[in-house]
Amino acid sequence: MDRRRFLASAATTATLGLAGCTGNANDGSGGGGGYGGGADGGDGETGTPTGTPIADHPAAADLDAQPTLGEATDTLIIAFEDPSCTLCRRFERNTYPRLVSELVEPGEAAFVYRGYPIIYPWGEPAAAVLEATYAADEAAFWALKDHYYAEQSSFSTDNVYEASQSFLADETAIDAGAVVDAARNGEADDAVAVDVDAGERLEIGQTPEFYLFADGVFRTTVRGAQGYDVFESALGV
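In what follows, the accompanying structure is described. Bear in mind the structure is a predicted one, so any value in this text is a computation, not a measurement.

**Quick word on empty space enclosed by the protein**
Point 1. Taken as a whole and judged by the stated rule, the model has 1 cavity of 30 Å³ or more.
Point 2. Taken together, Pro 67, Tyr 113, Gly 115, Ala 127, Leu 130, Glu 131, Phe 141 and Asp 195 make up the full set of residues lining the largest cavity.
Point 3. If you list the elements that add at least two residues to the lining of the largest cavity, you get β5 (110-115) and α3 (123-136).
Point 4. With 3 residues, the top contributor of residues to the lining of the largest cavity is α3.
Point 5. In the lining of the largest cavity, the residues fall into 5 nonpolar, 1 polar and 2 charged.

Below is the structure:
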């Protein structure tokens, strides 16, 4: 499977705007993309209409195996993000904390993270380390995910394994060496491929991209590093 197959998103008449990190970078540093984006009322890429049940939507493929924050089962934010994407970093640093405090923790919604490494090369091994970490310990996964975005500019293809192992050894209780070895050896590749396949089926060509579900059905797509109010309004919470 070519994990760097970059697909152009089809436009929809209801789209308010499209912006994000696009899959056209070829070096090992962070960067790319502009700010903007919006929400549309359907999934124009795959023809999945508003009102599609969660279980039937491509964004929710293998949902039970995905890292999820929150107990809500019928109101979901399914995020496709790349650890190397600067627009994902903007979302994670500015919007994600408020989503957690105002929607996830009160039980209004759950947040699902899917790694979609299409921007810079170090995002692919980082996605594998995240999956290997999740297999070992869920809390360590969320800590490492946050660390990637907080320290994004310090990562590259040359140091991602070593830097990830150092963080996991210092900040979590898991066997950091075993987790990183699992990622190096390809043991997390199938888990990464599930997310990449879902993103390709949706024809996602930029990150971040979010699929929102309310009352058990698909509500809308949000693209780019949007603010909290966009999510709140789209979900109707």
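**Structural notes on the pattern of salt bridges**
Point 1. Counted by the stated rule, this structure contains 7 salt bridges.
Point 2. Two residues, Glu 102 and Arg 98, come together in a salt bridge whose shortest N-O distance is 2.7 Å. Note that Glu 102 and Arg 98 are positioned in helix α2 (residues 96-104) at a spacing of 4 residues, about one turn of the helix.
Point 3. By relative accessible area, which is 35% here, Glu 102 ends up partly exposed.
Point 4. On the basis of relative accessible area, Arg 98 is assigned to the partly exposed category, the value being 36%.
Point 5. A salt bridge links Arg 223 to Glu 209, with the shortest nitrogen-to-oxygen separation between them at 3.2 Å. Pair noted here: Arg 223 is in strand β8 (residues 217-223) and Glu 209 is in strand β7 (residues 209-214), with a separation of 14 residues, a long-range link. Each member of the pair, Arg 223 together with Glu 209, is buried.
Point 6. Three or more residues are tied together by salt bridges with common partners; here these are Glu 92, Lys 145 and Asp 146.

**Topic: unusual backbone geometry**
Point 1. Thr 207 connects to Pro 208 through a cis peptide bond whose omega is -5 degrees.
Point 2. A positive phi is found at Asp 62, a non-glycine position, where the angle reads about 55 degrees.
Point 3. Locating Asp 62 in the fold gives a position in the loop between β2 (38-40) and β3 (68-69).
Point 4. Residue classification places Asp 62 among the partly exposed positions, given a relative accessible area of 44%.
Point 5. Of note in the backbone geometry, Glu 203 takes a positive phi value of approximately 60 degrees without being a glycine.

Definitions and cut-offs
Residues numbered from 1 in each chain as written. Predicted model: local features only at pLDDT ≥ 70, side-chain atom pairs only at ≥ 80, totals over all residues. Heavy atoms only, no water. 1 Å grid on protein atoms, 1.4 Å probe; cavity = no way out; pocket = protein on both sides within 12 Å on 5 of 7 lines; lining within 4 Å. Points joined across faces, edges and corners; volume = space filled by probe spheres on them. Helix = DSSP H or I, 4+ residues; strand = E, 2+ residues; numbered from the N terminus. Nonpolar A, V, L, I, M, F, W, Y, C, P; charged D, E, K, R; others polar. Salt bridge = Lys/Arg side-chain N within 4 Å of Asp/Glu carboxyl O. Buried < 20%, exposed > 50% of the residue type's maximum accessible area, 1.4 Å probe, protein only.

Coordinates in, geometry out; function isn't part of it.
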